[in-house]
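Coordinate analysis (summary)
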Amino acid sequence: MADKIRLQDGPPAVNAWMAQSEGTPKGGVVVIQEIFGVTSHIRNVVDGYAKAGYTAIAPAIFDLVQSDVELPYDEGGIKQGIEFVGKISFDAALALVKAAADRIASVGKVGVVGYCWGGTVAYLSALRLGLPAVSYYGGRNTQFVEEPALAPLMFHYGERDAHISAADRDRVRKAHPDAEFHVYPADHGFNCDERGSYDATAAALARKRTLAFFAEHLS
């Protein structure tokens, strides 16, 4: 089970949820939240990577604005989440990714996986921090396609995602021809089993591919 730890002393103080790997660690994984905070779903993702052999950590990025944010997966939660995101720069989010990666660096190489808004933070982690990264349906990825990648990348998108057009997906794909790029017959948020858009088949296949990516690039 993931434990709550202090990642950064304040002000503002920032916590994180961390789970040690089962057995000898294969490396480390920084898990980046959606716009809903470090919810029970994100903590379960952390636990899942620990069970797969990685020491995993999810920084509570919204602690920069308000402590212990966990928003519901509904229209009100989306509205609040967008407000929180608007108060946090990508540079500030990346600083916490680096702090989290440094916290678990003793276990070996570290990669990043992120979802939704966190998918773009994960993408930027490869562009600016040089960390192998997997981006799930990062809706703001197109803002940064002119920047070169400093580390390997994998992308997961939903074909039915109303928030990310096929043209936007193509822009990202063309900007990173060497990246692994996957599109599923699914909607936005297909990995989250607490959302109505959850797609078990797509989520399982994306996880299998992500674990193969980390096995290759964090070994």
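Residues numbered from 1 in each chain as written. Predicted model: local features only at pLDDT ≥ 70, side-chain atom pairs only at ≥ 80, totals over all residues. Heavy atoms only, no water.

**Focus: the pattern of salt bridges**
For clarity, the cut-off: We define a salt bridge as a side-chain nitrogen of Lys or Arg found within 4 Å of a carboxyl oxygen belonging to Asp or Glu. Think of it in three bands: residues with accessible area under 20% of the maximum for their type are buried, residues over 50% are exposed, and the middle band is partly exposed, with areas taken using a 1.4 Å probe on protein chains only. Only DSSP runs of H or I reaching four residues or more are called helices, and only runs of E reaching two or more are called strands; each is numbered from the N terminus.
All chains considered together, the criterion is met by seven salt bridges. Asp 9 serves as the salt-bridge partner of Arg 6, at 3.8 Å between the closest nitrogen and oxygen. What makes Arg 6 partly exposed here is its relative accessible area of 43%. A relative accessible area of 61% means that Asp 9 is categorised as exposed. Between Arg 128 and Glu 147 there is a salt bridge whose closest N-O contact spans 2.6 Å. In this pair, Arg 128 is assigned in helix 4 (residues 117-128) and Glu 147 in the loop between strand 6 (133-136) and strand 7 (153-158), connecting sequence segments 19 residues apart.

**Some remarks on the sheet that holds strand 2 (residues 14-19)**
Applied cut-off: For two strands to be treated as a pair, DSSP must find no fewer than two bridges joining them. Orientation is described by axes fitted as lines to C-alpha atoms, over the contacting stretch for helices, and by angles from 0 to 180 degrees between their N-to-C directions. Note on contacts: a residue pair is in contact if any heavy atoms of the two residues lie within 4.5 Å.
On the basis of which strands lie adjacent, the open sheet formed by eight strands has the order 1-2-4-3-5-6-7-8 and mixed pairing. Both edges of this open sheet fall to strand 1 (3-8) and strand 8 (180-184), since each of them pairs with a single strand only. In this sheet, neighbouring strand axes are inclined to one another by 20° on average, regardless of whether the strands run parallel or antiparallel. Where strand 1 lies against strand 2, five bridges are found, and the strand directions are antiparallel. Note on strand 2: the bridge partner recorded for Gln 8 is Val 14. Seen against the sheet, helix 6 (residues 200-217) touches strand 3 (28-32), strand 5 (110-115), strand 6, strand 7 and strand 8 and runs at an angle of roughly 170° to strand 8.

**Let's talk about the packing of helix 3 (residues 90-103) against helix 4**
Helix-helix packing is characterised by the crossing angle of the two axes and by the distance between the axes. This is how the line gets drawn: The labels follow the angle: roughly parallel below 35 degrees, roughly antiparallel above 145, roughly perpendicular from 65 to 115, and oblique for the rest. Gly falls in the polar group here, along with every residue not listed as nonpolar (Ala, Val, Leu, Ile, Met, Phe, Trp, Tyr, Cys, Pro) or charged (Asp, Glu, Lys, Arg).
Orientation of helix 3 relative to helix 4, taken along the N-to-C sense of each, is 75°, at an axis distance of 10 Å. With respect to helix 4, the axis of helix 3 lies roughly perpendicular. Within the contact between the two elements, helix 3 uses Phe 90, Asp 91, Ala 93, Leu 94 and Val 97 and helix 4 uses Trp 117, Thr 120, Val 121, Leu 124, Ser 125 and Arg 128. By residue class, the composition of the contact of helix 3 with helix 4 is seven nonpolar, two polar and two charged.

**A look at helix 4**
As a reminder of what qualifies: A helix's residues, less one, multiplied by 1.5 Å, set its expected span.
The end-to-end C-alpha distance of helix 4, which contains 12 residues, comes to 16 Å, matching closely the 16 Å that a straight helix rising 1.5 Å per residue would cover. The set of residues buried in helix 4 consists of Trp 117, Gly 118, Gly 119, Thr 120, Val 121, Ala 122, Tyr 123, Leu 124, Ser 125, Ala 126 and Leu 127. As for helix 4, its buried residues are in contact with strand 3, helix 2 (75-86), helix 3, strand 5, strand 6 and strand 7. After helix 4 finishes, the residue Gly 130 shows a positive phi value of roughly 70°.

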